[in-house]
Amino acid sequence: MSASPSTVCLSFDFDALSVWLEYGDNVSPNMLQRGEFGARVGVPRVLKLLKEHKLSATFFVPGHTADSFPEVTRTIVDAGHEVAHHTYAHIEPIGLTLDEERRDLERGLEALARFGVRPTGFRTGGQSSHTLALLEEYGFLYDSSFKGDDFHPYHPRIGDVVSRQQSLIKGRESKLWELPTQYEFDDWVHFNFNFSPYRNGTSAPSKVYEIWTTHARWMHEHEENGVLTVLMHPQVIGRAHGMDLLERFVQYCQSLNFQFRRMTDVASTLGA
Ligand SMILES: [Zn+2]
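What this report covers is the structure whose coordinates are included nearby. What you see is a predicted model; the values in this text were computed from it and never measured.

Basis of the calculations
Residues numbered from 1 in each chain as written. Predicted model: local features only at pLDDT ≥ 70, side-chain atom pairs only at ≥ 80, totals over all residues. Heavy atoms only, no water. Donors = N, O, S within 2.8 Å, 3.2 Å for Na, K, Ca; no water. Tetrahedral: all angles 85-135°; square planar, octahedral: opposite > 155°, others 65-115°. Helix = DSSP H or I, 4+ residues; strand = E, 2+ residues; numbered from the N terminus. Buried < 20%, exposed > 50% of the residue type's maximum accessible area, 1.4 Å probe, protein only. Arc of directions from axis to C-beta. Contact = heavy atoms within 4.5 Å. Polar contact = N/O pair within 3.5 Å; in protein donor to acceptor, adjacent residues only side chain to side chain. Expected span 1.5 Å × (residues − 1).

### Regarding the coordination of the zinc ion
- On the protein side, the zinc ion has Asp15 (OD), Asp15 (OD), His86 (NE2) and His90 (NE2) as donor atoms, found 2.0 to 2.5 Å from it.
- Taken together, the four donor atoms surrounding the zinc ion define angles of 54 to 137 degrees at the centre, an arrangement classified as irregular.
- Sequence positions of the donors to the zinc ion reduce to the motif D-x70-H-x3-H. Here Asp15 is found in the loop between β1 (7-13) and α1 (29-52), whereas its partner His90 is found in the loop between β3 (82-85) and α4 (98-113), with 75 residues between them in sequence. For the pair formed by Asp15 and His90, the shared burial category is buried.

Listed below in structure tokens is the structure:
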């Protein structure tokens, strides 16, 4: 058994409508209403559970969500949870020019600033080769987009050269901390059914509970100072079986005396 306390970070990507805009001209009101569920039902349920268990969490909020659902965003801020940057409108930087990416980053910052929030963390599913350097420039403390480790924060490299013609040429280590996530801990993978493009998304919560608790127990038994980051979405985990899973997982981590910490608090105590 690990002598040091294990840490779990509960993180929620409050995408609301923005994640569905990736479907472009094919986005339908039906899709958008799934995002509406996140704001209308998911966030209040998640906040209630966190309050009942006296837990602090991290919410990655796109500027588009903050501008579209200011009253819901305000309840997150007022409850003392961390609000982190998740691009302006769930736009993946890999498709943007440097100027466009900078503008998107700033637009997201401006939206969160209207709530008095200066985020220290960032997450996106599709970084560009400029993203980490931009985050450094704007004073971010950590990123949580990658999967290069599972239980330990690390410094991701900037400027790696990877090609088939030669072996890896390593870039420099970023000053940012990476708080990595895992697809096994992403509720979207397990529970988000979709017709087209097809996603199964019909996992039993008992299956996901087994995966999550196995990771948590193994980390606790084998890894010193392990940090487990759970990636959830109010529009997904906020459904009844998701909430039941989340509460049982919280209780499991409590039984192992895990610390529940906001990601910014973990990153800020890691040192340089
Ligand atoms: Zn998202």
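### Some thoughts on helix α3 (residues 70-78)
- Taken as a whole, α3 has its buried residues at Val72, Thr73 and Ile76. In a view along the axis of α3, the buried residues occupy a sector of 100 degrees, so they form one face of it.
- On its buried face, α3 sits against α1, β2 (58-61), α2 (63-68) and β3.
- After α3 finishes, the residue Gly80 shows a positive phi value of roughly 85 degrees.

### Thoughts on the side chain of Ser128
- By secondary structure assignment, the location of Ser128 is in the loop between β4 (121-122) and α5 (131-137).
- There is a polar contact of 2.6 Å between the side chain of Ser128 and the side chain of Glu101.
- Beyond its immediate sequence surroundings of up to four residues, Ser128 is in contact with Pro93, Ile94 and Glu101.

### Here's the deal with α4
- The terminal C-alpha atoms of α4, which comprises 16 residues, lie 22 Å apart, in line with the 22 Å expected from a rise of 1.5 Å per residue.
- Looking at α4, one finds that the buried residues are Glu101, Asp104, Leu105, Gly108, Leu109, Ala111 and Leu112. Taken around the axis of α4, the buried residues stretch over an arc of 165 degrees, which confines them to a single face.
- Looking at the packing, one finds that the buried side of α4 touches β2, α2, β3, β4 and α5.

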